[in-house]
Structures are given as structure tokens and as C-alpha cells.
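Commentary on secondary and tertiary structure
Next come the chains, spelled out residue by residue.
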Protein chains: 2
Amino acid sequence: MEAESGLSTGVLMFIPYRALEDRVFAALAAAGFDDFTPAQARVMQRIGPQGTRLTELAAQAQITKQTAGFLVDQLEKAGYVRRVPDPTDKRARLVCGAEKAWAAKRVADAVVAEVEREWEAHLGKRRMKQLREALTLLREITDPWA
Amino acid sequence: MEAESGLSTGVLMFIPYRALEDRVFAALAAAGFDDFTPAQARVMQRIGPQGTRLTELAAQAQITKQTAGFLVDQLEKAGYVRRVPDPTDKRARLVCGAEKAWAAKRVADAVVAEVEREWEAHLGKRRMKQLREALTLLREITDPWA
DNA sequence: TGACTTCAGTCAGCTTCCCTGACTACTTTG
DNA sequence: CAAAGTAGTCAGGGAAGCTGACTGAAGTCA
């Protein structure tokens, strides 16, 4: 494509993101959490401490409620979540994380922290801070929700 | 947990990337290039000026050669690429971009440039430069190939 | 030269993810 | 209470990816 460092800023962002994601999934698999998929993880990530409604999960993950329902079914079978009736609305049920989900989250969080330390070691404290600052600012005009 | 936002640096990178991708696809669709998918685009992007082998495309896009073959089939039907025999190796064929592909690329490149200008306007010239610098450095330890 | 090995690409069959459309059950509101 | 809105499911389908098994061509080496 282009000659020099001619990659677009967008692509330059995607490369480290993808590398991080790969690391997290590898670590989860190594720790025995190999029975869920990236799509399921994306939903699971968004479950709040008190549980979250299916419709809410779907909206946040930007998928249809049908897809979310399918993914939650699989997560339920694998023992990561359970569905409990919502006491405040008899139409709804709350998707709650099970202990297995929190255990996986602890592993994932540890890897993210480790990778960020590696990045900081490579960039130096100053540049890492600038990077986060620029990205946080950029979020203001690129984050469609929040 | 940082003060500015609790999001990991990886997620912070993904947000603008996704926003850029959405913009590019919307612009392509608006320009009439609505007959290909993101997956097909990811393959098409990697076709060199003189054409590229299927196996090479698969490796670069990090998919199997079967999947790549399937996507190239679709691109061929839609008129974006054609396959020609490789003169230097009778086993292989070169996937070459057709004029329609280059036209789409021109549209995409224009949108990328436009979005980058918007980002620079929001961040300021200095911060944009720092951002690209940090990301380029980060590529050294996160880009699995090159 | 002939026997292995390697590489390019295809075929067949499968899973996962995600969609639309149509539906039931319950809540809220006028 | 009737109408409108919301939570979730069911049915069906398409896109994208995988593995495994294969053909045909090239390269290697005794």
C-alpha cells in the first residue's frame, strides 16, 4: 500500500488491540476457560454485578436481542451465567454472572494489566501517558454511546 | 484504575478504529459499492498492484486458504478481482484487482484522510503526532508480521 | 531419473455468529 | 379496560470461518 509509516492511524490502532485480544484469549484458554467464544465474551463483559437484562446486553454489545439470547443460552449451558426472574418486572429476567465468570474475568484483567505494563516498558511512561490521553480525547468524537 | 477512564488502553484503541471502519463502509455504500462485505474488503485490501497469490492473501488476512478462496470467489463474481495464471508457477494463480476495486479504494482512502483530518482537528497537531508516534512504536512489539 | 516432499488451490461438511420477521407474555398508560 | 409499548422466544437464513481430504505442479535428493 503506502510507503513509509503510511498506515492509517486507524489501522495502527487495530494492530495492538488485536494483539491484546489474542493474548487474553490465549491466557484464558491456558487457564482452562476454553469453552466460550469471543462473541460470548463480549456479552459476558457487559453483565453488571446485580445482573443485566437481555435487551440491555444486546443494546450495549450492538447486536440483536435474538443473538444475545442465543449467546446467553450457550453461556448458561457452560455455567458462566444464570438467568433469574427480575423481581421488578415479570416480563424480564436478569442475566447474572456465576462464580466461573468472575474467575475468568480475574484472569483476563491480569493479562490486560500485564500487557499494558509491557507497552509502557516499550514506550516509556511519558509516551504511554500521552497515548492514553490522546485516545481518551478521541473517544469524545468516536464513541457512539457515552 | 485510571482517573480519566477505567477502560484499558486496548479498548480505547478499538473505539476509534471501529468508528473509522463504520465511516468508510458507509461512504462506500453511499458511492454504490454496497456489494461486498467487510471480510471481502479485508482480503481485497491486501492485493498488490501486480496481483497476489491466494495463499499469500490468506496468510496476511490470517484466515485459512479455503476461506480466502471463498471470499475471492465472491469478489470475482462481483467484478472486483480476476484470477490470472501465475507465469512463474503453474500451480498458482494471481488474484488481481480490477478497475472497480481501485475505484472503491480511492473512495475509501478519501474517507480515511477526511476522518484523520477530523481527529487532528480535535486533538491538535501536536497530540496527533504523538499519537501516531506512540502507535508506530507499539507496532514493533505487537505486529506479528512485519 | 524416479521417489519423496512440499506447496497452490479446491471440494465437502460443519460450527458460530448474526440477521429479519413474526410471535407470546407482561406492563404501562390514557 | 383498551391500546401501546417492552421483554423475550421461535423459525429460518446468510455470511464467515474452521478441519480434513484431496489433485496437480514444483522442488529435492539419492
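Residues numbered from 1 in each chain as written. Chains lettered and ligands numbered in written order. Predicted model: local features only at pLDDT ≥ 70, side-chain atom pairs only at ≥ 80, totals over all residues. Heavy atoms only, no water.

1. Focus: the protein's contact with DNA strand D
Taken together, 22 residues lie near DNA strand D, and Lys65(A), Arg93(A), Thr37(B), Thr64(B) and Gln66(B) sit nearest. Contact distances for DNA strand D include 3.4 Å between a phosphate oxygen and a side-chain N or O atom of Arg83(A). Note that a phosphate oxygen of DNA strand D is positioned 3.4 Å from one of the side-chain N or O atoms of Gln74(B). Secondary-structure elements contributing two or more residues to the surface near DNA strand D are helix 3 (54–61) and helix 4 (65–77) of chain A together with helix 2 (38–44) and helix 4 (65–77) of chain B. (Near = heavy atom within 4 Å. Polar contact = N/O pair within 3.5 Å; in protein donor to acceptor, adjacent residues only side chain to side chain. Helix = DSSP H or I, 4+ residues; strand = E, 2+ residues; numbered from the N terminus.)

2. A short note on the packing of helix 1 (residues 9–30) of chain A against helix 6 (residues 125–142) of chain B
One can describe the packing of helix 1 of chain A onto helix 6 of chain B by two numbers: an axis separation of 9 Å at closest approach and a directional angle of 40°. In this view, helix 1 of chain A runs oblique relative to helix 6 of chain B, as classed from their interaxial angle. When the axes of helix 1 of chain A and helix 6 of chain B are compared, the crossing they make is left-handed. Seen from helix 1 of chain A, the contacting residues are Thr9(A), Leu12(A), Met13(A), Ile15(A), Pro16(A) and Ala19(A); seen from helix 6 of chain B, they are Met128(B), Leu131(B), Arg132(B), Leu135(B), Thr136(B), Leu138(B), Arg139(B) and Thr142(B). When grouped by side-chain class, the residues that make up the contact of helix 1 of chain A with helix 6 of chain B number nine nonpolar, three polar and two charged. (Axes fitted to C-alpha atoms, helices over the stretch in contact; angles between N-to-C directions. Parallel < 35°, antiparallel > 145°, perpendicular 65-115°, else oblique. Left-handed = near helix turned anticlockwise from the far one by under 90°. Contact = heavy atoms within 4.5 Å. Nonpolar A, V, L, I, M, F, W, Y, C, P; charged D, E, K, R; others polar.)

3. Some words on the environment of Thr55(A)
On the secondary structure map, Thr55(A) appears in helix 3. Sequence spacing of Thr55(A) and Glu114(A) is 59 residues, and the spatial spacing of their C-alpha atoms is 33 Å.

4. A look at the protein's contact with DNA strand C
The environment of DNA strand C is formed by 23 residues, the closest being Thr37(A), Gln66(A), Lys90(A), Lys65(B) and Arg93(B). Counting only the atoms of DNA strand C within 4 Å of the protein, the fraction contributed by sugar and phosphate is 67%. Measuring from a phosphate oxygen of DNA strand C, one finds a side-chain N or O atom of Arg93(B) at 2.6 Å. Broken down by element, the residue count for the surface near DNA strand C peaks at four residues, all from helix 4 of chain A.

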